[in-house]
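What follows is each chain in one-letter form.
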There are 2 protein chains.
Amino acid sequence: MSRNISGPEIERLIQYLGRIPGLGPRSARRAALQLIKKKEQLLVPLAQAITDAVNNIVICNNCGNIDTRDPCTICQDPKRDVSFLCVIEEVGDLWALERAGVVSGTYHVLGGTLSPLDGRGPEELNIASLIERAKDDSVKEVLLALNATVEGQSTAHFISEQLEDCNVKISRLAHGVPVGGELDYLDEGTLSAAIKSRKQI
Amino acid sequence: MSRNISGPEIERLIQYLGRIPGLGPRSARRAALQLIKKKEQLLVPLAQAITDAVNNIVICNNCGNIDTRDPCTICQDPKRDVSFLCVIEEVGDLWALERAGVVSGTYHVLGGTLSPLDGRGPEELNIASLIERAKDDSVKEVLLALNATVEGQSTAHFISEQLEDCNVKISRLAHGVPVGGELDYLDEGTLSAAIKSRKQI
């Protein structure tokens, strides 16, 4: 869009909407128009929601989760099983596991994976604080719920070595056929893992 | 996402991001995480851009365009040909035509099409102000650049009847094969129009 057809505020709105992951420049223009049209219902509350988030979001000092309180809601929850520590790469993984409601314990967010090529060593991740937590007597099991990628698995390997001196059980997620998945679409690695870990019925 | 895993500010951010056209609930969550991660580069400027837009956006009283000044930038532009009035349905159409840079005149935004079933009569659209503008002696031609849909075309028909008493030339966009289009994918109406309006080469 050329510069001279609407004010700089509208251009800037389109520009920053376009930086939202999932919106390109074209959909940002369409979104901006819709938001402006429904200014009171959409644009004003969105501005308020973003401002509130900016002012209140903190990183939990204990587990690395994103929340508006520190320690985060999960770390403060007395119903959580503190003997079970679930290690994940990113906060998005925590949200996914919480949606499934399958983790009774607390989390530890690494903030990514080791990647020597990108210059991400152990110091760049929340590994030291994980070891510190794992040393606590209350922790009995550390589940390394990292992605089943090369980076995720090598990071899991590194962490399990670091945890050797701690008196904890170390576990990883099971590999296999995703529930609802069709064999025809699965890769050889997954099929091989599913055969190896077959269960008697 | 269950209620108790992060603060209400984050939930609200996800909720309102999800109302942006083009973002669903799932992509809103992913977008929220990315925005929070890059708070200073993305979230803070986005909040500022939206607040500026909310505070500054006005509808041009002359043509119905969205801008931060009234009359809008286009209506104020002395280089525009005021004898040529391009009528469009929505501001998005104005932006599309401006991106193409093909309209030398000014615009008039109807704000939609006539739709008796949805209770949208002539009073709901900016038709009265269009007739008023067309009566001005400086206006020589009114181009009804409405969508080639049933609603667009019936609205164009209605407006052209209203404009009969004004001393202006009334025109519409040409129908035909879109540039870059393949005949195989075009509907019969388009092909028929393209044959009827064929040009000698």
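Placed above this text is the structure.
A brief report on the enclosed structure follows. (Residues numbered from 1 in each chain as written. Chains lettered and ligands numbered in written order. Predicted model: local features only at pLDDT ≥ 70, side-chain atom pairs only at ≥ 80, totals over all residues. Heavy atoms only, no water.)

### Describing the overall build of chain A
And step 1. Per the secondary structure count, chain A includes eight helices and six strands.
And step 2. Traced from its N-terminal end to its C-terminal end, chain A shows the element sequence α-α-α-β-β-α-β-α-β-α-β-α-β-α.
And step 3. Against the 2.2 N^0.38 benchmark of 17 Å for 201 residues, chain A shows a C-alpha radius of gyration of 22 Å, more extended than a compact globule.
And step 4. For chain A, the C-alpha atoms occupy an extent of roughly 65 × 45 × 40 Å along the three principal directions.
And step 5. The burial tally for chain A puts 43% of its 201 residues in the buried class.
And step 6. On chain A, roughly 11200 Å² of surface is accessible, and the fraction owed to carbon and sulfur atoms is 50%.
And step 7. Placing the 22 positive and 27 negative side-chain charges of chain A at their respective mean positions leaves the two points 9 Å apart. (Helix = DSSP H or I, 4+ residues; strand = E, 2+ residues; numbered from the N terminus. Rg over C-alpha atoms; globule rule 2.2 N^0.38 Å. Buried < 20%, exposed > 50% of the residue type's maximum accessible area, 1.4 Å probe, protein only. Areas by Shrake-Rupley, 256 points an atom, 1.4 Å probe, with all protein chains shown as cover. Lys, Arg positive; Asp, Glu negative; His and termini not counted. Charge placed at Lys NZ, Arg CZ, Asp CG, Glu CD.)

### Remarks on the pairing of strand β3 (residues 81–88) of chain A
Residue and element names in this part refer to chain A.
And step 1. By the criterion of burial, β3 is predominantly enclosed, with six of the eight residues buried.
And step 2. In this structure, β3 lies alongside strand β4 (residues 105–109), joined through five bridges in parallel fashion. By the bridge assignment for β4, C86 is matched with Y107.
And step 3. In this view, the connection linking β3 to its parallel neighbour β4 by way of helix α5 (residues 91–100) has right-handed handedness.
And step 4. Examined bridge by bridge, β3 and strand β5 (residues 141–144) share four bridges and lie parallel to one another. (Pairing = 2+ DSSP bridges. Right-handed = clockwise from strand over helix to strand, strands pointing away.)

### Observations regarding the side chain of T155 of chain B
Residue and element names in this part refer to chain B.
And step 1. Considering the arrangement of structural elements, one finds T155 in helix α7 (residues 150–162).
And step 2. At a separation of 2.7 Å, a polar atom in the side chain of T155 contacts the main-chain carbonyl oxygen of E151.
And step 3. Not counting chain neighbours up to four residues away, the residues in contact with T155 comprise L110, T113, L114, L125 and L146. (Polar contact = N/O pair within 3.5 Å; in protein donor to acceptor, adjacent residues only side chain to side chain. Contact = heavy atoms within 4.5 Å.)

### Regarding the interface of chain A and chain B
And step 1. In this complex, chain A contributes 56 residues to the contact, which on the side of chain B involves 56 residues.
And step 2. Both faces combined, the contact of chain A with chain B buries some 5100 Å², and carbon together with sulfur accounts for 74% of it.
And step 3. The residue D52 of chain A makes a salt bridge to R12 of chain B at a minimum N-O spacing of 3.5 Å.
And step 4. Our enumeration of links across chain A and chain B arrives at eight residue pairs in polar contact (both at pLDDT 80 or more). (Buried area = accessible area lost by both parts, 1.4 Å probe. Salt bridge = Lys/Arg side-chain N within 4 Å of Asp/Glu carboxyl O.)

### What about the environment of D52 of chain A?
And step 1. You can see D52 of chain A is positioned in helix α3 (residues 39–56).
And step 2. Residue classification places D52 of chain A among the buried residues on the basis of a relative accessible area of 18%.
And step 3. Along the chain, D52 of chain A and T68 of chain A lie 16 residues apart, while their C-alpha atoms are 9.8 Å from each other.
And step 4. If near-sequence neighbours (up to four positions away) are discounted, D52 of chain A is found in contact with E9 and R12 of chain B.
And step 5. Only 3.5 Å separates the side chain of D52 of chain A from the side chain of R12 of chain B, close enough to count as a polar contact.

### Notes on the pattern of salt bridges
And step 1. In the structure shown here, the tally under the stated rule is ten salt bridges over all chains.
And step 2. With its nearest N and O atoms 2.8 Å apart, the salt bridge here joins E90 of chain B to K37 of chain A. With E90 of chain B in the loop between β3 (81–88) and α5 (91–100) and K37 of chain A in helix α2 (residues 25–37), this residue pair bridges two chains.
And step 3. Through salt bridges with shared partners, one network takes in D77, R80 and E98 of chain A.

### A few points about the packing of helix α1 (residues 8–17) of chain A against helix α3 (residues 39–56) of chain B
Packed helix pairs are specified by the crossing angle of their axes together with the interaxial distance, meaning the distance between the axes.
And step 1. Between α1 of chain A and α3 of chain B, the shortest axis-to-axis distance is 9 Å and the interhelical angle comes to 150 degrees. The two elements α1 of chain A and α3 of chain B cross, and the hand of that crossing is left-handed. On the side of α1 of chain A, the interface is formed by E9, R12, L13, Y16 and L17 of chain A, while α3 of chain B contributes Q41, P45, L46, A49, I50, D52, A53 and N56 of chain B.
And step 2. A class-by-class count of the residues in the contact of α1 of chain A with α3 of chain B yields eight nonpolar, two polar and three charged. (Axes fitted to C-alpha atoms, helices over the stretch in contact; angles between N-to-C directions. Left-handed = near helix turned anticlockwise from the far one by under 90°. Nonpolar A, V, L, I, M, F, W, Y, C, P; charged D, E, K, R; others polar.)

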